Amino acid sequence: MATMKFMCDTKRCIECNGCVTACKNENDSALEWGISRRRVVTINDGQVGKEASLSVACMHCADAPCMAVCPVNVFSKTDDGIVLHDKERCIGCGYCLYACPFGAPQFPKQSTFGSKGKMDKCTFCAGGPDTEAGSAKERELYGANRLAEGKLPMCAELCSTKALLAGDADTVSSIFRERVVSRGGNQAFVFNTKTGA
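Residues numbered from 1 in each chain as written. Predicted model: local features only at pLDDT ≥ 70, side-chain atom pairs only at ≥ 80, totals over all residues. Heavy atoms only, no water.

Enquirer: How would you summarise helix α6 (residues 169-182) if you had to cite specific residues and measurements?
Expert: Taking 1.5 Å per residue as the helical rise, α6 with its 14 residues ought to reach 20 Å, and the 20 Å between its terminal C-alpha atoms agrees with that figure. Of the residues one or two after α6, G184 is the one with positive phi, at around 85°. (Helix = DSSP H or I, 4+ residues; strand = E, 2+ residues; numbered from the N terminus. Expected span 1.5 Å × (residues − 1).)

What follows is the structure in structure tokens.
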């Protein structure tokens, strides 16, 4: 079975935030105000020749720290490596937020003070656990289930420069290797979600 991963090619990312908008539009019914499952981070901002942009969301880690710290075990991993969470069982403790090196877990910003509410994060457009694929309940809680339709996550599908790659880890790595070779082996900083380097 394939292992699904994201990879962002910083040589191609132009910080247009198209991936952020695509994700928000595709999953809007499941997202509370203030939650954005994907964001674009700029490294060395303003430093000519050193600046690089990177699209970041849940990286569906092989050894996910969010799973390790959750006191109520809301996280599960699918056979293809996608880390899903159960919104109905989440108690909003925030441990996952502090454990995640990517800041993927998001909490609604309903007010300045008060409880955090239920956590939300990128689902790799794979819906949610223990829900019928394509059901109204799945759409309401987790957003689109594009994988069940044989499609890739919307953020990667609509990336105008194809900087954001998603899919089978071996295929994504192969595409990136071909790009590096065509550039003459000169590569910028790239975060590989499979190795974490």
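Enquirer: How would you summarise the confidence of the model for the protein if you had to cite specific residues and measurements?
Expert: Summarising the model, the protein shows a mean pLDDT of 87, and 89% of its residues fall at 70 or more. Contacts for the low-pLDDT stretch residues 189-197, under 50 throughout, to residues beyond four places or in other chains number 24 contacts. (pLDDT = per-residue confidence, 0-100. Contact = heavy atoms within 4.5 Å.)

Enquirer: Just give me the short version of the pattern of salt bridges, but keep the residues and values in it.
Expert: Inspection of the entire model under this criterion finds 7 salt bridges. Across the pair D120 and R37 runs a salt bridge whose closest N-O atoms are separated by 2.6 Å. Taken together, the positions of D120 in the loop between α3 (95-99) and α4 (136-142) and R37 in the loop between α1 (18-26) and β2 (39-43) put the pair 83 residues apart, joining distant regions of the chain. Of the two residues, D120 and R37, neither departs from the other in class, the shared state being buried. (Salt bridge = Lys/Arg side-chain N within 4 Å of Asp/Glu carboxyl O. Buried < 20%, exposed > 50% of the residue type's maximum accessible area, 1.4 Å probe, protein only.)

Enquirer: Would you mind going over the nonpolar core in detail, with residue names and values included?
Expert: Counting residues in hydrophobic clusters, the biggest one holds 37 residues, and the most contacted among them are F6, F75 and L164. Mapped by element, the contributors of at least two residues to this core are β1 (4-8), α1, β3 (52-56), β5 (83-85), α5 (154-157) and β6 (164-168). When residues in this core are grouped by element, the largest group, 3 residues, is from β1. Residues contacting L164, with those up to four places away along its chain left out, are F6, M7, C8, C19, R38, S55, C155, A156 and C159. (Core = buried A, V, L, I, M, F, W, Y, C linked by side-chain atoms within 4.5 Å.)

Enquirer: Outline the state of the cysteines, supporting the account with residue identities and numerical values.
Expert: A complete count under the given rule lists 0 disulfides for this structure. Between C96, a cysteine without a disulfide, and C93, which holds the nearest cysteine sulfur, the sulfur-to-sulfur distance is 6.2 Å. A relative accessible area of 7% means that C96 is categorised as buried. (Disulfide = S-S within 2.5 Å.)

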